[in-house]
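Fold and geometry: a report
The chain contents come next:
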There are 2 protein chains.
Amino acid sequence: MTETCQSTNCADCNRKLSLFQSLTDGQLDKINESRFEIRFGAGETLIKQGGPLTHIACLTKGLVKIHIENHGGDCFIMSVVRPMTLIIGPGFLRDNRHHYTVTALTESSACFIQVESFKKVLEENSQFALDMIAFLNKKIIRHYQNIGNLAHKHMQGKLAETLIYLSEDVFQSQEFKSNLSRQDLAELTGLTKESVIRVLKEWKEEGIVDSNSDYFKILNKDSLLKIGRNG
Amino acid sequence: MTETCQSTNCADCNRKLSLFQSLTDGQLDKINESRFEIRFGAGETLIKQGGPLTHIACLTKGLVKIHIENHGGDCFIMSVVRPMTLIIGPGFLRDNRHHYTVTALTESSACFIQVESFKKVLEENSQFALDMIAFLNKKIIRHYQNIGNLAHKHMQGKLAETLIYLSEDVFQSQEFKSNLSRQDLAELTGLTKESVIRVLKEWKEEGIVDSNSDYFKILNKDSLLKIGRNG
DNA sequence: CAAATTTATTGATAAATATCAATCAGAAAT
DNA sequence: ATTTCTGATTGATATTTATCAATAAATTTG
C-alpha cells in the first residue's frame, strides 16, 4: 500500500493546504522528507483511537469520517472530511495518543508526516504556529455547536444541524451524495438510525429535504435553518 | 471596579500561569503593559457570548462558570474554572467574538490583557505558541468527553462524569463545596434540575455520593467511575 | 441469475426523561 | 420573630425517543 510520493495528490498537498501557506521551501522540504502516502479502501481505518500519534495525516483523496468511540462501543462522528485537510488530533503535544478513529467512507489516500518534523517546523515558524492556533480554534467553535445540539435539541433540530453542516461545511452544495449510511447519519447526530429515517421521511413529505439512500437535496433551507435553531 | 495592578493576585498572575513559563521578562512586560484587573460579584458577567474579543482574561480570584447559550436561552456549562487560569476563547485569531459567556459563581477577580499584545508575544516566542497549542488540545480532549457523554449516556452516567470532573479537574478533592445550584449542575450535565435531584437522592441512599446543597462528598469512587463509564 | 447478506424501513411497544404543579426549606428582609 | 422570596424537592403525568421485531429493498456473492 505504501508508495513513494509521486502521485499528483501528494505533490499538490503542500501548497493546497491553507495551513501550509506560511511555510518556506526549506520548511516544506523538512516536512516532505518524512512524508509517505497510503491508499485505503472504503471502510478501512486510517487512524485508530488509542493508538500512538506518531504521524500527522493529510487527506489527499476520498472521504473519511472522524469518530470517537466510547466504552460501550457507541460512536459519535465528529466530522466528515474531504481533501485537502490536515488531520491532527488533540493528543499532539499532549499524550501522543489518538483520541479519535478515522475511517474511510470511500476509497481514500492520505499522506503521513512524522510528528517530530511537523513540530520542528512549528517551532521555527511562529506564523505557522499562529495559523495552527486559528485552525484549532475553528475546530473548537464546531465542538461548541456539537455540544449545544446534543445538550438541548430534539431530534429534528439535531438532524437539521447535521444536514446544514454537511451541506455548508463538507460538500458546499445544497445537494450532495454523502456516502453515509443511515447508521452513520445517526452517529453524526446522536440519534438512532430509525429516528433518522423517520425524520427524513417527514421532511420528504413536507418538501424540506429530498433524500434517496445517501443522496440529499435541501429544498427549503430556511425551514431547515429554523428547525435547527429552534430545537 | 477597575484597579491598578497592585493586588497580590494580579502580580502573581505572571509566573503562576504555567502557560507563561516560557516568556522572557521583556515579553511579560509587554503583556503587563496593557493589563488591568476587575473584581466581580457572584452572578456578574465577566465575558458575554457574542461580544467582541478584545482581551484575554486571567482568573486571579474566585470561581467562574463558562457556558454557551443557545437560541432558545438554554445554557450548557462547558467548564468551571478556578485561579490561575487563562480564559481565551476560540474567537481568538478567528472572528474576534466571544463564543461563550463567563459568569462569576463567587466573588471573583480577573486580569484582562489586550489581545494584540498577547498575539505579538505569541508571534515572537514559538515555544509559547506551542504551549498554547498544547493548552488548546487539552480543551479539545475535554470537549470529546463532553460530546461522548451527551451523545450516548443516560442521566446517571452523565452526572457521574460531571461529579468526577468537578472532583478531579476542578476541586482536586473527593469532597468539595461547589458553589453550584441544582440548575447549574443540570446545565453542566445536560439534564433538568429535577433529574439531577433524583439521581443525587438515589446516590445518597446507596452511599455513593453524599450531598448537601452545594457540598459534595464522593463516598464510593469506584462505583461512580463505573456508572460514568457504562452509561 | 438466484441465494445470501446487509441495510433500510415500518409499526408496536417500552423506557427514559422532561414537564408541570404542589409543597417544602432555607435565606434574606422587614 | 414574622414575612417574603428564592431555590430545592417530590410526585403525577406527558412526551420523546429508543428498542425490538418484522418486513422490504438493495447489494453482494456464488
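This text follows the structure it describes.
Quick look at the structure, then.

Conventions and cut-offs
- Residues numbered from 1 in each chain as written.
- Chains lettered and ligands numbered in written order.
- Predicted model: local features only at pLDDT ≥ 70, side-chain atom pairs only at ≥ 80, totals over all residues.
- Heavy atoms only, no water.
- Contact = heavy atoms within 4.5 Å.
- Buried area = accessible area lost by both parts, 1.4 Å probe.
- Salt bridge = Lys/Arg side-chain N within 4 Å of Asp/Glu carboxyl O.
- Polar contact = N/O pair within 3.5 Å; in protein donor to acceptor, adjacent residues only side chain to side chain.
- Helix = DSSP H or I, 4+ residues; strand = E, 2+ residues; numbered from the N terminus.
- Nonpolar A, V, L, I, M, F, W, Y, C, P; charged D, E, K, R; others polar.
- Near = heavy atom within 4 Å.
- Least-squares fit on C-alpha atoms with pLDDT ≥ 70 in both.
- Phe/Tyr/Trp six-rings, centres within 6.5 Å; stacked < 30°, edge-to-face > 60°.
- Buried < 20%, exposed > 50% of the residue type's maximum accessible area, 1.4 Å probe, protein only.
- Lys NZ or Arg CZ within 6 Å of the ring centre and 35° of its normal.
- Axes fitted to C-alpha atoms, helices over the stretch in contact; angles between N-to-C directions.
- Parallel < 35°, antiparallel > 145°, perpendicular 65-115°, else oblique.
- Left-handed = near helix turned anticlockwise from the far one by under 90°.

**Describing the interface of chain A and chain B**
The partner chain B presents 41 residues to the 41 residues of chain A that form the contact. Buried area between chain A and chain B, summed over both chains or domains, comes out near 4,000 Å², and the portion from carbon and sulfur atoms is 73%. Summed over the shared surface of chain A and chain B, the number is zero salt bridges. Linking chain A with chain B are nine residue pairs in polar contact (both at pLDDT 80 or more), by the criterion used here. Of all elements in the fold, only β5 (75-81), α3 (115-124), α4 (126-152) and α8 (221-230) of chain A reach the threshold of two or more residues within the side of chain A that touches chain B. Residue composition of the side of chain A that touches chain B, grouped by class: 22 nonpolar, 13 polar and six charged.

**Focus on the protein's contact with DNA strand C**
Close to DNA strand C lie 14 residues, the nearest being A:Arg182, A:Arg198, B:Met155, B:Ser195 and B:Arg198. The sugar and phosphate moieties of DNA strand C supply 64% of its atoms located within 4 Å of the protein. B:Met155 places a polar main-chain atom, nitrogen or oxygen, 2.9 Å from a phosphate oxygen of DNA strand C. B:Thr192 places a side-chain nitrogen or oxygen 3.3 Å from a phosphate oxygen of DNA strand C. The element that contributes the greatest number of residues to the surface near DNA strand C is helix α7 (residues 193-206) of chain A, accounting for four residues. Across the surface near DNA strand C, the residue classes tally to three nonpolar, five polar and six charged.

**Looking at the relation of the copies chain A and chain B**
Overlaying chain A with chain B gives an RMSD of 0.0 Å, the required rotation being 180 degrees about an axis along which the chain moves by 0.0 Å. The superposition of one copy onto the other is thereby described by a two-fold rotation axis. Of the residues that chain A buries at the interface, 100% are likewise interface residues in chain B, meaning the two copies contact each other through the same surface.

**Some words on the protein's contact with DNA strand D**
Taken together, 14 residues lie near DNA strand D, and A:Met155, A:Ser195, A:Arg198, B:Arg182 and B:Arg198 sit nearest. Counting only the atoms of DNA strand D within 4 Å of the protein, the fraction contributed by sugar and phosphate is 66%. With respect to DNA strand D, the side chain of A:Thr192 contributes an N or O atom lying 3.4 Å from a phosphate oxygen. Here A:Arg198 contributes a side-chain N or O atom positioned 3.0 Å from a base oxygen of DNA strand D.

**Description of the packing of aromatic side chains**
Evaluation of the coordinates by the stated rule reveals 16 aromatic pairs over all chains. With 5.8 Å between their ring centres and 75 degrees between their planes, B:Phe92 and B:Phe118 make a pair best called edge-to-face. Remark: B:Phe118 occurs in helix α3 (residues 115-124) and B:Phe92 occurs in the loop between β7 (85-87) and β8 (101-104); sequence separation between them is 26 residues. Considered together, B:Phe92 and B:Phe118 belong to a single accessibility category, that of buried residues. Each member of the aromatic cluster is reached from another via a ring pair, and the members are A:Phe20, A:Phe92, A:Phe118 and A:Phe128. It is A:Arg142 that lies over the ring of A:Tyr165; its NZ or CZ is 3.5 Å from the centre.

**A word on the packing of helix α2 (residues 25-33) of chain A against α3(A)**
Packed helix pairs are characterised by how far apart their axes lie and by the angle those axes make with each other. Residues and elements named next belong to chain A. Where α2 meets α3, the axes come as close as 8 Å, and the angle between the chain directions of the two elements is 160 degrees. Classified by the angle their axes make, α2 and α3 are roughly antiparallel. Once α2 is placed against α3, the crossing between them reads as right-handed. Here Gln27, Lys30 and Ile31 of α2 lie close against α3, whose contacting residues are Ser117, Phe118, Lys120, Val121 and Glu124. Class assignment for the residues of the contact of α2 with α3 results in three nonpolar, two polar and three charged.

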